Amino acid sequence: MADSIPLNPVRKSSRRVPSYHPARLSRFSLEDEPSNLDEMPLMMSEEGFENDESDYQTLPRARVQRGRRGLCCLLLGGWKLLCGSCCDCLAHICWRRKELKPRTVWLGCPEKCEEKYPRNAIKNQKYNIFTFVPGVLYQQFKFFLNLYFLVVACSQFVPSLKIGYLYTYWAPLGFVLAVTMVREAVDEVRRCRRDKEMNSQLYSKLTVRGKIQVKSSDIQVGDLIIVEKNQRIPADMIFLRTSEKAGSCFIRTDQLDGETDWKLKVAVGCTQRLPAVGDLFSISAYVYAQKPQLDIHTFEGNFTREDSEPQVHESLSIENTLWASTVVASGTVIGAVIYTGKETRSVLNTSCAKNKVGLLDLELNRLTKALFLAQVVLAVVMVTLQGFVGPWFRNLFRFVVLFSYIIPISLRVNLDMGKSAYGWMIMKDENIPGTVVRTSTIPEELGRLVYLLTDKTGTLTQNEMIFKRLHLGTVSYGTDTMDEIQSHIVQSYAQVASQPSSGGAGAATPSRKPAAASGPKVRKSVSSRIHEAVKAIALCHNVTPVYESRAAGNGETESAEADQDFSDDNRTYQASSPDEVALVRWTQSVGLTLVSRDLTSLQLKTPSGQILSFSILQIFPFTSESKRMGIILQEESTGDITFYMKGADVAMATIVQYNDWLEEECGNMAREGLRTLVVAKKSLSEDQYQDFESRYAQAKLSVQDRALKVAAVVESLEREMELLCLTGVEDQLQADVRPTLELLRNAGIKIWMLTGDKLETATCIAKSSHLVSRNQNIHVFKPVTSRGEAHLELNAFRRKHDCALVVSGDSLEVCLRYYEHEFVELACQCPAVVCCRCSPTQKAQIVRLLQQHTANRTCAIGDGGNDVSMIQAADCGIGIEGKEGKQASLAADFSITQFKHVGRLLMVHGRNSYKRSAALGQFVMHRGMIISTMQAVFSSIFYFASVPLYQGFLMVGYATIYTMFPVFSLVLDQDVAPEMALLYPELYKDLTKGRSLSFKTFLIWVLISIYQGGILMYGALLLFESEFVHVVAISFTALVLTELLMVALTVRTWHWLMVLAQFFSLGCYLASLAFLNEYFGLGRVSSGAFLDRAFISTWPFLWKVSSVTLVSCLPLYLLKYLQRKFSPPSYSKLST
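For clarity, every value in this text was computed on a predicted model and none was experimentally measured.

> I keep staring at the overall build of the protein chain and nothing clicks. Help me out?
Each helix and strand in the protein chain was counted, giving 42 helices and 33 strands. For the protein chain, the proportion of its 1136 residues judged to be buried stands at 53%. Across the protein chain, the fraction of contacts at a sequence separation of at least 24, relative to all contacts at a separation of at least 6, is 73%. Put simply, the protein chain shows about 52400 Å² of open surface, and 57% of that area lies on carbon and sulfur atoms.

> When you look at the nonpolar core in this model, what are you seeing that I'm missing?
For soluble globular proteins, the rule of thumb is that nonpolar side chains tend to be buried together. One finds F894 and L906 to be the most contacted residues of the largest nonpolar core, which totals 95 residues. The element contributing the most residues to this core is helix α32 (residues 901-941), with 12 residues. Setting aside its immediate chain neighbours within four residues, L906 contacts L446, L449, L744, I749, R911 and Y988.

> Is there a simple way to explain the sheet that holds strand β14 (residues 436-437) in this structure?
Backbone hydrogen bonds are what pair the strands of a sheet, in a parallel or an antiparallel way. With mixed pairing, nine strands are arranged side by side in an open sheet as β14-β33-β32-β31-β15-β27-β30-β29-β28. With one partner strand each, in any of the chains shown, β14 and β28 (777-780) form the two edges of the open sheet. Here strand β31 (residues 857-862) pairs with strand β32 (residues 876-880) via four bridges, running parallel. Following the sheet pairing, A860 is matched in β32 by G877. Most of the contacts of helix α27 (residues 809-818) go to strand β29 (residues 803-808), to which it runs at about 95°, and overall it touches β29 and β30 (832-836). The strands that α32 touches are β15 (449-454), β31, β32 and β33 (894-896); relative to β33, the one it contacts most, it runs at about 140°.

> Can you help me understand the packing of aromatic side chains in this one?
Centre distance and the angle of the planes are the two values used to describe a pair of aromatic rings. Using the criterion set out here, one finds 27 aromatic pairs in the structure. Note on W106 and Y286: the rings are 4.9 Å apart at their centroids and 50° apart in plane angle, and the pair reads as tilted. On the criterion of sequence distance, the pair formed by W106 in strand β1 (residues 103-106) and Y286 in strand β8 (residues 285-289) is long-range, its members being 180 residues apart. Accessibility assignment for this pair places W106 and Y286 in one class, buried. Summarising the aromatic geometry, the rings of F144 and F372 are spaced 5.5 Å apart at their centres and angled 70° between planes, so their arrangement reads as edge-to-face. You can see F144 sitting in helix α7 (residues 144-155) and its partner F372 sitting in helix α12 (residues 359-386), a full 228 residues away along the chain. Classification of F144 as partly exposed rests on a relative accessible area of 23%. Through a chain of ring-to-ring contacts, the aromatic side chains of F620, F643, Y689, F692 and Y696 assemble into a single cluster. Cation over ring: K112 sits above W106, and NZ or CZ is 4.3 Å from the ring centre.

> In this structure, what is going on with the environment of T459? I would like to understand it.
With respect to the helices, strands and loops of the structure, T459 is situated in the loop between β15 and β16 (461-471). For T459, a relative accessible area of 0% translates into the label buried. Considered as a pair, T459 and G864 are 405 residues apart in the sequence and their alpha carbons are 8.8 Å apart. Beyond its immediate chain neighbours, meaning those up to four positions away, T459 contacts T454, Q734, I861, G862, D863, I880 and F899. Here the side chain of T459 touches D863 through a polar contact of 3.4 Å, side chain to side chain.

> I tried to follow a nonpolar patch on the surface on my own but got confused; where do I start?
There is a patch of nonpolar side chains on the surface, built from I941, F942, Y1018, L1022, L1023, W1099, L1102 and W1103 and spanning about 850 Å² of accessible area. Of all the secondary structure elements, the ones that give two or more residues to the nonpolar patch are α37 (999-1023) and α41 (1099-1126). You can see W1103 is positioned in helix α41.

> Just to check I follow, could you spell out the sheet that holds strand β7 (residues 262-266) for this structure?
Read across the open sheet, the three strands follow the order β7-β6-β12; overall the sheet is antiparallel. Since the sheet does not close on itself, it has two edges, and those belong to β7 and β12 (327-328), each with one partner. Alignment of strand β6 (residues 248-252) against β12, held across two bridges, turns out to be antiparallel. By the bridge assignment for β12, I251 is matched with V328.

> Help me understand the pairing of strand β10 (residues 312-316), please; the structure alone is not making it clear to me.
Put simply, side chains in a regular strand alternate between the two faces of the sheet. Bridge count for strand β9 (residues 301-305) against β10 is five bridges, and the pairing is antiparallel. For G301, the partnering residue across the bridge sits in β10 and is L316. Linkage of β9 to β10, two consecutive antiparallel strands, is achieved through a turn of six residues.

> How do you make sense of α32 when you look at a structure like this?
Owing to its 3.6 residues per turn, the α-helix aligns residues three or four sequence positions apart on the same side. Spanning 41 residues, α32 covers 59 Å between terminal C-alpha atoms, matching the ideal 60 Å at 1.5 Å per step. With 39 of 41 residues buried, α32 is to be regarded as a mostly interior element.

> Looking at this model, I keep getting lost on the packing of α37 against α41. Mind explaining?
Each pair of packed helices gets described by two things: the angle between the helix axes and the distance between those axes. Two numbers describe how α37 lies on α41: the axes approach to 9 Å, and their chain directions differ by 155°. Considering their axes alone, α37 and α41 lie roughly antiparallel with respect to each other. Between α37 and α41 lies a crossing of right-handed hand. Seen from α37, the contacting residues are I1008, Y1011, Q1012, I1015, L1016, G1019, A1020 and L1023; seen from α41, they are K1104, V1108, V1111, S1112, C1113, P1115 and L1116.

> Hey, could you run me through the packing of α7 against helix α8 (residues 167-199) in this one?
Direction vectors running N to C along α7 and α8 enclose 145°, while the axes themselves pass 9 Å from each other. Remark: the crossing between α7 and α8 carries left-handed chirality. Residues F149, L150, V152, A153 and C154 of α7 lie in contact with α8, whose contacting residues are Y169, W170 and L173. Grouping the constituent residues of the contact of α7 with α8 by class yields eight nonpolar, no polar and no charged.

> For this particular structure, what's the right way to read the confidence of the model for the protein chain?
The predicted coordinates ought not to be read in detail in places where the model reports low pLDDT. Across the protein chain, the average pLDDT comes to 80, with 82% of residues at or above 70. With pLDDT under 50 throughout, residues 43-76 is counted as low confidence; its partners more than four residues away or in other chains account for 37 contacts. The low-confidence segment residues 549-564, where pLDDT is below 50, has 15 contacts with residues more than four positions distant or belonging to other chains.

> Would you mind going over the state of the cysteines with me for this structure?
Simply put, disulfide is the name for a covalent bond between the sulfur atoms of two cysteines. In total, this model carries zero disulfides according to the counting rule given. You can see C876 has no disulfide; the closest cysteine sulfur is in C859, sitting 4.4 Å from it.

> Sorry if this is basic, but what is going on with a positive patch on the surface here?
On the surface, K989, K993, R995 and K1000 cluster together to form a positively charged patch. When you line up the elements, K989 lands in helix α36 (residues 989-992). By relative accessible area, K989 is classed as partly exposed at 37%.

> Can you walk me through the pattern of salt bridges in this structure?
Pairing between side chains of opposite charge can happen when the charged atoms of each approach one another. Counted under the stated rule, the structure contains 24 salt bridges. The partner of R412 in a salt bridge is D416, with the nearest N and O atoms 3.5 Å apart. On the criterion of helical spacing, the pair formed by R412 and D416 is a turn pair, its members being four residues apart in helix α14 (residues 410-427). Exposure remark for R412: the relative accessible area of 22% places this residue in the partly exposed category. What makes D416 partly exposed here is its relative accessible area of 29%. Of the charged contacts, one joins R628 and E718 as a salt bridge, the two residues approaching to 2.9 Å between their closest N and O atoms. In this pair, R628 sits in strand β23 (residues 628-635) while E718 sits in the loop between α23 (706-715) and β26 (722-733), placing the two residues 90 residues apart along the sequence. The same class applies to R628 and to E718, which are both buried.

> Is there a simple way to explain the environment of E580 in this structure?
Relative to the helices and strands, E580 resides in helix α19 (residues 578-589). Taking the C-alpha atoms as reference, E580 lies 6.4 Å from H541; in sequence the two are 39 residues apart.

> Which parts of the structure should I look at to understand the environment of S204?
Tracing the backbone through its elements, the reader meets S204 in strand β2 (residues 202-207). Taking the C-alpha atoms as reference points, S204 and L224, 20 residues apart in sequence, are found 8.6 Å from one another. Leaving out residues up to four positions away in the same chain, S204 has contacts with I212, Q213, L224, I225 and I226. For S204, the side chain forms a polar contact with the side chain of Q213, separated by 3.0 Å.

Thresholds applied
- Residues numbered from 1 in each chain as written.
- Predicted model: local features only at pLDDT ≥ 70, side-chain atom pairs only at ≥ 80, totals over all residues.
- Heavy atoms only, no water.
- Helix = DSSP H or I, 4+ residues; strand = E, 2+ residues; numbered from the N terminus.
- Buried < 20%, exposed > 50% of the residue type's maximum accessible area, 1.4 Å probe, protein only.
- Contact = heavy atoms within 4.5 Å.
- Areas by Shrake-Rupley, 256 points an atom, 1.4 Å probe, with all protein chains shown as cover.
- Core = buried A, V, L, I, M, F, W, Y, C linked by side-chain atoms within 4.5 Å.
- Pairing = 2+ DSSP bridges.
- Axes fitted to C-alpha atoms, helices over the stretch in contact; angles between N-to-C directions.
- Phe/Tyr/Trp six-rings, centres within 6.5 Å; stacked < 30°, edge-to-face > 60°.
- Lys NZ or Arg CZ within 6 Å of the ring centre and 35° of its normal.
- Polar contact = N/O pair within 3.5 Å; in protein donor to acceptor, adjacent residues only side chain to side chain.
- Patch = residues over 30% accessible without salt bridge, like charges linked within 9 Å, V, L, I, M, F, W, Y side chains within 5 Å.
- Salt bridge = Lys/Arg side-chain N within 4 Å of Asp/Glu carboxyl O.
- Expected span 1.5 Å × (residues − 1).
- Parallel < 35°, antiparallel > 145°, perpendicular 65-115°, else oblique.
- Left-handed = near helix turned anticlockwise from the far one by under 90°.
- Nonpolar A, V, L, I, M, F, W, Y, C, P; charged D, E, K, R; others polar.
- pLDDT = per-residue confidence, 0-100.
- Disulfide = S-S within 2.5 Å.
- Lys, Arg positive; Asp, Glu negative; His and termini not counted.
- Charge placed at Lys NZ, Arg CZ, Asp CG, Glu CD.

Structure, rendered in structure tokens:
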């Protein structure tokens, strides 16, 4: 078979740069057969397959090493090794990081701590009072443009190099630095105030002498801290006590993980049972905590009380923790601090967002380097034509300073102001209300995107779950037949109510039959199966009802009070998953209502109003690894113990008893876009449960491999469970998702959907949202676990053409491990890609892969905390304020309220921002090049003397009041109306090629500058040969008029502010002729001036200046007219 699958290389020589983490390698076993793979080259030499795993990764390096021979290589290698070792040693000494270790924390005794732990101070400041000025200056002068201006300005302190007045060089540079420093200082003061406010928050600390008030920054490891309702938790703590009778409380974690659902936390049983708060100091107890870690969803520790016989040991897990930056939502809690400051989970998970630089800025930076090279070459030519006479080196530097206006400092000022203007326009756009620009430095990136990577849940969908389908194996119920289920439930509990003596047993008896006899032999009635299924859905969850009218902890109430307060209007459900809330709301709609829940009990209300009480014996929460959750309940009326479990079909298929319908129906529901859950149960005897409980408690107390031991004990129960039903919940699409995706696809943007959901659901959403068009085929990448399987599947995928790709996270990881280049190149050829079962780190990894392998601009869009890493890794991050909180919105560069706003954000604002900045940047450079050309002509005529043509204020005024407003008004220009840009998204395709700002367009502007500069200078000298002393006034007047006409030539759509800017600048120039005459050589001849002021108002002056200006601009107007006539741009065809 191997011989029949040829695979031609896509890229013949590609050096692989693995972007995966080495720790991942251990997840997969090498089950490959090199002998079979050697005959199937996949863009790689056979030599690569013959190496083992370690050799494979170092293969390119090994080839290079074999190619290097000789003494020179040996010496260089030795020198490099020596320098590297020295640098590593110095770095280790200077930046030695303290090793994190597990710790033992004694309650209320910070002085017993074995080590010194960090202060509990929040510090988000970038600088301090000593590093502010050096830090800001470094950030500015690390860019070539600013460093260049600094060197030029400093050169003016040397008398022999001085060209003009100092302020002509230092004033613009000082303005730029002052604005930057003020902006940074304001941001730094705001950060300092926020930090001070957080660190100064007062908390009650329990001591032997009672309560004292302490600042948040003074809290230490071992302190006992009291946190009130709606108060922020100041440090990572172990939950010891609460005012709630149930011994539990709710916390809000939206600032930690982005989830808006409340989380249930449980107090340590030993300390919660103490009679009074003061008794915490009468016991001798300590907490053993694992070392600080990144994972906010896991914790392992033990609580030990030493002064009791026997000693009390309790295992601690994530449900006993209160992480910093979360908020107490119910009751008052007391916690023992275990981690402070930079060792808390919230600080450890705070990644420093990279400083994003736009592609346009990088392109302009390259052009300024080219201009600098041209400037040096021009200076060398001038010195060469001088004949290297005298101090030629000094003359060379003077020429470099003379031509320094080739690279105008106003370029950075204009572009930064333009970016601010674009951000203001975006936020003021009434068609996309609520949009916030958080990063004002990259609005042009919105116009250069090639890849859009989007989350699914909450981004393409609304994250509003609606129960749609219940399947029992032989019968299926949809939204139109839910009344049948309701009637069955009412009838079932009516029969139980009419026979109170056996009511409880009647409800539990059917659940025991499958355990005693096999399923096919005893077939239950549809009514009993519906009753069991609905009851299981109503019991198997982590949902808690919350009543606003009274304290959330009054769960243990009398029956009469419960009936009084259990009104549907007053009840809200809280859970960590919206799927569970949807299921519980559905059971309420069909008659079985969850009315009360605490740590140890759960109550349901039947349609007849009867209260069913259950004791909660054990809960096994849902995890991404297990993909299921379980609960063991004991019905109080009968004493029956039942183990309920629900989870994903891939996890439950091997747990439930054999059936022939589950897999097929799961596929059917997934094709409808429904999220499926399999529900099962198992009846346990008292002896079975006691045996399980002892093994489970022992496993939970172990310190080494606790998670594995606990999972093994739980799995011993998960065998031959009775399959009850399959549920389908729909996550509705966001408004206008389909037209928005179609708009983006027509604009040439490739869309990748990255989701943690299952493959079938992700594929269905991709179809229903039209991410994959109807006539496109879908290639589902088969699950692969080894190199050989990945090789064969990639071969199969290569034969497909123009089909969308659907791949799972595990298969993606295997492919990236062995065939990174090959997989990415094949995937990039697909019109759409769906990656399902993706972790947050995988999402960010995919973004970085696209950036490395394609060099195209990427955009990531999401709404949850799990999308933050992807958003921060992308060139442009867009966050949606959704139901999962604001974490993604706050971390993004742009924040929107709905996915449909992406279309206008990219097609209108992104396109305009890029085209305007490209025109503005090139025009500012043209403005500098034209005056430098005039300086070169002037110097060459005057025997190559390094004498400035224009002095002092003229140079400053030329870049500011004379031309700044008309040039800056280009930020208002647009080639087509917003409606036209949305109607024809194909216009966006041209932008990705970067044709608005390229070396081609740059060279055209260089030629225009040379032509106009030469015409203006030579024209002034030819026409005014007899009045040669007036060349400054003549040439400068023609220069200003030329710039104003060039702005008019560049504008495509006039705005009233553009017209105002033109007349304002012209008026300022005419006024300066009257009041700044000493710069132009104007005044009375008797006073020593060159010319009488009356000369500038004569007809010869006016027509000659007009002639020079006309000759410099008219050919360009004619060329533009001819171009639009015979080769019009695409936008002009639409506008006509």
